[in-house]
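The primary structure of each chain is shown beneath.
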Amino acid sequence: MRQLATKPFPFFVGLYSLEELVTRDSRVCVINILGNESRKVTPVSHEYSKGNVVAGVQYGRRGILETRIGDIPVYRSIRDVNKHGHAFDIGVVYLPPAAVSQAVWELVTYNKDLKRIVIVTEKVPVRDTLNVRYICQDAGVDVIGCNCLGVANAWDHVRVGGALGGDKPEETLQKGSIAIHSNSGNFTTTIATYLQTAGFGISTAVSSGKDVYIHFAAPEFLYAAQNDPRTKAAVLYVEPGGYYEKQALDWIIERKFSFNKPIVACVTGRWKKEIARPCGHAGAMAGSGDDAESKERWFDSYFGVPAFDPENPKVSKKGVRVTSIQHIPAAMAEVYRKLDEKPDFQPRGDLSLKPWLEDKLVKLPHSLQIPVMKAVPPYDTQIQEISRQVGANYLRRNMRNKSGATRMNPATQVAEMHGKTVLELSRNSFEENLYFSIGQIMPDKADLRRMNLLLSGFLRTGDNRMPAAEAARRNDATPNAVVAAEIAAVGNHPMLEKVRAISVNLLDLIREYQISDESTPLSKELDRQIPKLFLSKEKPGNNAFEEALQKEIRTSTKLKPPFRLCRHILETAEGKGQGIKDRLEFLLAAFGLCLFWNPMLGKRIPRQAVEDSISYIYLVARISAVCAMRRGKNPHWEKLSDPEGPYSHPDFTDSLFRLLFGRKPGESDLTELKYLLGLTLTNGPGTLSAKGAKESVSARNAVSMAFVGFLSNTGLAHGGNGFEAVEYLLDRFEPAGLEDPGDAKKKPDLKALANQAAKEYGKYKREAKTLGLLEYKRIPCINHPVFKGNDINIDPREDFVRKELEARGVTNVFLDFYHHLVKELFDEGVTENVFCVNVDAVLAVIALKLIWPEFRKGLWPRREIQDLVFVLFLLGRSIGSTAEIIDHRSRGQDMDCRTPQSEVAFVL
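Basis of the calculations
- Residues numbered from 1 in each chain as written.
- Predicted model: local features only at pLDDT ≥ 70, side-chain atom pairs only at ≥ 80, totals over all residues.
- Heavy atoms only, no water.
- Helix = DSSP H or I, 4+ residues; strand = E, 2+ residues; numbered from the N terminus.
- Rg over C-alpha atoms; globule rule 2.2 N^0.38 Å.
- Buried < 20%, exposed > 50% of the residue type's maximum accessible area, 1.4 Å probe, protein only.
- Contact = heavy atoms within 4.5 Å.
- Areas by Shrake-Rupley, 256 points an atom, 1.4 Å probe, with all protein chains shown as cover.
- Lys, Arg positive; Asp, Glu negative; His and termini not counted.
- Charge placed at Lys NZ, Arg CZ, Asp CG, Glu CD.
- Patch = residues over 30% accessible without salt bridge, like charges linked within 9 Å, V, L, I, M, F, W, Y side chains within 5 Å.
- Salt bridge = Lys/Arg side-chain N within 4 Å of Asp/Glu carboxyl O.
- Pairing = 2+ DSSP bridges.
- Expected span 1.5 Å × (residues − 1).
- Axes fitted to C-alpha atoms, helices over the stretch in contact; angles between N-to-C directions.
- Parallel < 35°, antiparallel > 145°, perpendicular 65-115°, else oblique.
- pLDDT = per-residue confidence, 0-100.
- Polar contact = N/O pair within 3.5 Å; in protein donor to acceptor, adjacent residues only side chain to side chain.
- Left-handed = near helix turned anticlockwise from the far one by under 90°.
- Disulfide = S-S within 2.5 Å.
- Phe/Tyr/Trp six-rings, centres within 6.5 Å; stacked < 30°, edge-to-face > 60°.
- Right-handed = clockwise from strand over helix to strand, strands pointing away.

1. Structural notes on the overall build of the protein
So, point 1. Secondary structure summary: the protein contains 35 helices and 19 strands in total.
So, point 2. Against the globule reference of 29 Å for 908 residues, the protein gives a C-alpha radius of gyration of 38 Å, more extended than a compact globule.
So, point 3. For the protein, the spread of C-alpha atoms along the three principal axes comes to 115 × 85 × 65 Å.
So, point 4. Among the 908 residues that make up the protein, the fraction classed as buried is 56%.
So, point 5. Taking all contacts inside the protein whose residues are at least 6 apart in sequence as the whole, residues at least 24 apart take part in 74%.
So, point 6. Roughly 41200 Å² of accessible area belongs to the protein as shown, and the carbon and sulfur atoms make up 50% of that amount.
So, point 7. Charge centroids of the protein, computed over 121 positive and 110 negative side chains, lie 2 Å from each other.

2. Details of a nonpolar patch on the surface
So, point 1. On the surface, a cluster of nonpolar side chains totalling about 500 Å² of accessible area is made up of Trp356, Leu357, Met373, Val376 and Tyr379.
So, point 2. In this fold, Met373 is placed in the loop between α10 (328-338) and α11 (379-386).

3. Section: the sheet that holds strand β17 (residues 420-421)
So, point 1. A sheet is described by the order of its strands in space; here three strands give the open sequence β15-β16-β17, paired in antiparallel fashion. Of all strands in the sheet, those bounded by a partner on one side alone are β15 (406-408) and β17.

4. Quick notes on helix α4 (residues 126-139)
So, point 1. Taking 1.5 Å per residue, 14 residues should reach 20 Å; α4 reaches 20 Å between its end C-alpha atoms and fits that length.
So, point 2. Looking at α4, one finds that the buried residues are Asp128, Thr129, Val132, Arg133, Ile135 and Cys136.
So, point 3. Following α4 by one or two positions, Gly140 has its phi on the positive side, about 70°.

5. Digging into the sheet that holds strand β13 (residues 263-267)
So, point 1. Strand order in the open sheet formed by seven strands is β9-β8-β11-β10-β12-β13-β14, and the pairing between neighbours is mixed. Strand pairing shows two members of the sheet lacking a second neighbour, β9 (158-160) and β14 (319-322), which therefore form its edges. Strand-to-strand, the axes of this sheet are offset by a mean angle of 15°, without reference to chain direction.
So, point 2. Pairing analysis gives four bridges linking β13 to β14, with the strands arranged parallel. Bridge pairing links Ile263 to Gly319 in β14.
So, point 3. The sheet strands contacting helix α1 (residues 38-48) are β8 (150-153) and β9, and the helix crosses β9 at an angle near 155°.
So, point 4. Across the sheet, helix α9 (residues 292-303) touches β12 (233-238), β13 and β14, and the angle it forms with β13 is around 160°.

6. Some remarks on the pattern of salt bridges
So, point 1. In total, this model carries 50 salt bridges according to the counting rule given.
So, point 2. A salt bridge links Asp300 to Arg321, with the nearest nitrogen and oxygen atoms 2.9 Å apart. Of the two residues, Asp300 sits in helix α9 while Arg321 sits in strand β14, which places them 21 residues apart along the sequence.
So, point 3. Asp300 gets classed as partly exposed once you look at its relative accessible area, which sits at 22%.

7. Thoughts on the packing of helix α17 (residues 494-512) against helix α24 (residues 613-627)
So, point 1. At their nearest, the axes of α17 and α24 sit 9 Å apart, and the two run at 155° to each other. Taken together, the axis directions place α17 and α24 in an arrangement best described as roughly antiparallel. Packed against α17, whose contacting residues are Met495, Leu496 and Val499, the element α24 presents Ile614, Ser615 and Tyr618 at the interface.

8. Remarks on the confidence of the model for the protein
Predicted coordinates in regions of low pLDDT should not be interpreted in detail.
So, point 1. Residues of the protein with pLDDT of at least 70 account for 97%, and the chain-wide mean is 92.
So, point 2. Taken together, the stretch residues 1-6 has pLDDT below 50 and engages in eight contacts with residues farther than four places along the chain or on a different chain.
So, point 3. Long-range and interchain partners of residues 279-286, a stretch whose pLDDT sits below 50, account for 31 contacts in this model, where long-range means more than four residues apart.

9. Brief notes about the side chain of Ser536
So, point 1. Note that Ser536 resides in strand β18 (residues 535-536).
So, point 2. Here the side chain of Ser536 touches Glu538 through a polar contact of 3.2 Å, landing on its backbone nitrogen.
So, point 3. With residues near it in sequence (within four places) discarded, Ser536 still touches Gln578, Gly579, Ile580 and Lys581.

10. Remarks on the packing of helix α16 (residues 479-488) against α24
So, point 1. Where α16 meets α24, the axes come as close as 10 Å, and the angle between the chain directions of the two elements is 135°. Between α16 and α24, the crossing angle belongs to the class labelled oblique. Along this stretch, α16 crosses α24, giving a crossing that reads as right-handed. On α24, the residues touching Val482, Val483, Glu486 and Ile487 of α16 are Leu619, Arg622, Ile623, Val626 and Cys627.

11. Topic: the state of the cysteines
So, point 1. Taken as a whole and judged by the stated rule, the model has zero disulfides.
So, point 2. Between Cys146, a cysteine without a disulfide, and Cys148, which holds the nearest cysteine sulfur, the sulfur-to-sulfur distance is 7.8 Å.
So, point 3. Cysteine Cys566 shares no disulfide, and the gap to the nearest cysteine sulfur, in Cys594, comes to 9.4 Å.
So, point 4. What makes Cys566 buried here is its relative accessible area of 0%.

12. Observations concerning the packing of aromatic side chains
So, point 1. Evaluation of the coordinates by the stated rule reveals 30 aromatic pairs.
So, point 2. With a centroid separation of 6.4 Å and an interplanar angle of 85°, the aromatic rings of Tyr16 and Tyr223 are classed as edge-to-face. Of this pair, Tyr16 sits in the segment before β1 (28-31) while Tyr223 sits in helix α7 (residues 218-226), and the two are 207 residues apart along the sequence.
So, point 3. Its relative accessible area of 10% is what places Tyr16 among the buried residues.
So, point 4. By relative accessible area, Tyr223 is classed as buried at 3%.
So, point 5. Measuring from ring centre to ring centre gives 5.1 Å for Phe458 and Tyr618, while their planes differ by 80°; the resulting arrangement is edge-to-face. Residue Phe458 is found in helix α14 (residues 445-461), and its partner Tyr618 is found in helix α24; the two are separated by 160 residues along the sequence. There is no split in this pair, since Phe458 and Tyr618 are both buried.

13. Side note on the environment of Ala488
So, point 1. Inspection of the secondary structure assignment puts Ala488 in helix α16.
So, point 2. Between the C-alpha atom of Ala488 and that of Leu753, which follows or precedes it by 265 residues, the distance is 46 Å.
So, point 3. Residue contacts for Ala488: discarding those within four places in its chain leaves Met705 and Val708.

14. So, helix α20 (residues 561-575)
So, point 1. With 15 residues, α20 should cover 21 Å at 1.5 Å per step; its first-to-last C-alpha distance of 21 Å lies within 8% of that length.
So, point 2. With 12 of 15 residues buried, α20 is to be regarded as a mostly interior element.
So, point 3. Among all positions of α20, only Pro561, Pro562, Phe563, Arg564, Leu565, Cys566, Arg567, His568, Ile569, Leu570, Thr572 and Ala573 are buried.
So, point 4. Directly beyond the C-terminal end of α20, a positive phi value near 70° is found at Gly577.

15. A short note on unusual backbone geometry
Excluding glycine, residues mostly carry a negative phi; peptide bonds, for their part, are mostly trans.
So, point 1. At the junction of Gly145 and Cys146, the peptide bond is cis and its omega measures out at 0° in the coordinates.
So, point 2. Mapped onto the elements of the fold, Cys146 is located in the loop between β7 (142-144) and β8.
So, point 3. Of the consecutive residues Pro377 and Pro378, the connecting peptide bond is found in the cis state with omega at 0°.
So, point 4. Turning to its location among the elements, Pro378 is positioned in the loop between α10 and α11.

16. Brief notes about the pairing of strand β5 (residues 90-93)
So, point 1. Burial along β5 is two-sided: the face carrying Ile90 and Val92 and the face carrying Gly91 and Val93 are both buried.
So, point 2. Pairing geometry for β1 and β5, over four bridges, is parallel. Directly across from Val30, in β5, lies its bridge partner Val92.
So, point 3. Alignment of β5 against strand β6 (residues 116-119), held across four bridges, turns out to be parallel. Each residue of the ladder has a partner; that of Val93, found in β6, is Ile119.
So, point 4. Once the chain exits β5 it traverses helix α3 (residues 100-110) before rejoining the sheet at β6, and the crossover so formed is right-handed.

Written out as structure tokens, the structure is:
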């Protein structure tokens, strides 16, 4: 006969042994049985337990819950259950938090045979939890929860409450000698599974929950586990918050109840020490002295050994603390060896990684290259299907005034594109930044070579007569309108439409036939698809651009799948003596896919962006062509626009310089051009140019018209305002006889020039105010709406460029003059503090310096210099607009940029 121990608790605990908590004789009533969670979980529990749920309650309605072993009747209330003669001793509550206390009161009030209540609901108000505690203590009812997954008895094949053991508890909950008490419901199941790898099953598993108040906590559990003849050891999974574990260990040490079985404890949540509000379980937040580190010390002191080290395992007969649940099986095995006990059965499985998926983009060290295993059904077919889907997938949403591509950093007020500041990007070449705007990663050497080939090819092979642009020029249109006219004429260019269609076909074949590296044999079925999709009986001759593209494909050593497939198709055509349909478009499609293959596989960019990548590159190249200055007088234009090539020019940034300035650049010239273009990439999604691009996408225009949107939303106040700075500087320096603005030794007395300018402007400003003029002319490129209010103000973007130029030993007299000017304006009392020289000055001063020798010779009129500054802005902003267009096409919705009626107003 079992000897009853005196219960040490100052409160009611209705059981002596853990084996009594739930048994095969337990009968269950589930409250809110037809709720979303219960209707899935309860049938599994009912079937696993051989039919222990006698009834359910769904307030206000009758019905049934179907299971494979029979229907469970559902009633309107607890009293209804009683009236129909359904006796039960355990209630399970699935209600929303605010209703839990009332349901507990009904269970206790209308069922005098009630022994336990399992509360699955999380985040029950503390006041209601205390009310539950009072009601159940007074009635002699044990409570498990709140925020728990219930209890499972593996010996009796019974589960009550939530989804302990998952959808197949018979596999997870194996009969054994370990009792589990866990603050986490999911980890209760995980620990039970892990223990099997060391040959251990469970006796009873308790998901205690981790709301602020735990009803069946560590003291009650360990007391019942000690008196359970099935249980030889216990596992505790502990989160921060509460003193339950300390109370249990203190009572054991003080012999308030006997406990001589080993414990393996896992304490988690060190990271929660500093948080000020719940993150995860509502009660897993430390107060004073109950954080994770404190709980670790409690257990280490009790065990008398440090935390378990799998490389040097040390345990005591009392047990050991582990730092990760994956160490629980090994720690328990060591404890059993220490006690000369044997596991429950032979180990089943192991905890080695068995990946179902692999990342082919990341090259891991050999020691980390783990073979990919075939997933178990049904995941195997799901993974196979998902593997055919490539690229990022964004939820469609209203993207008005929003962007996933660019932003203005609120802390620094420096614009960013794809997480990199324009300061960082201004060190890159034009082609590097264009690639980055599409792919969101920087290109490697091969990608950069291919970008240069494409940009050079599109510069040479477009219609360089540019009839629309020339018509706009004749009508004295601003540079942005000239470029917009030509880009609008691109429309849905047949070449670009064909490239996109071929890209779709190539990508579908690569995914359908799982084409990867060269070691994988190609499918015979693929060879049957190639002729009808790509081959032609006609064999037209190749032009120079096609020859250059084909040579790059044939000579590539590291073949990405698109180039491998493209090469195979070319070889198939040659073998059959046939040609390729739409050969140029076919080669371009392969190039686009190959260029952005890795960013797409890495889910950085959507598939659509890759299929349209050639369109973006083509349009930016055509913008560059239209922006070429003084084409009739530029000795480099004819060479760079010749369709016959050569196609081996070193980089497109070099070509751009020649197109813009009409001369061969030096190294410092290219550096300064990079700064010009990089700093103007973006100013965030709120700028007029970005909004123009986004609004055009929102209206579901073609890609070319999205670029027209950006171009039409620039103008003399946005993009073209650099002409004011050019005009101002020319007025100051042309009479001064400046020969070389880059010669530090021969620069004029800039302080004197600045002082004279400050005095003149001070006089002008005083006269304007005397006349009561509200609008008077400001000095361009000084002051800024954000970078102001200090004694000395600095625009960090301009400051970055200035320091970069100084570090390279590059002098710019115009920029130095501006810095003298802001000081002289303050010294002369014209300004209240030292204004900043803003980033717009950089555009003007570098452009003017680069063109100064030709201007001095009378080769460049003022109007063309002003236009040059404008087109420099357009070229840089075309890259930022590319990123913005791709982002809005990927995330936005039709008409999402329209202004709601509530935000518009009529004024008189």
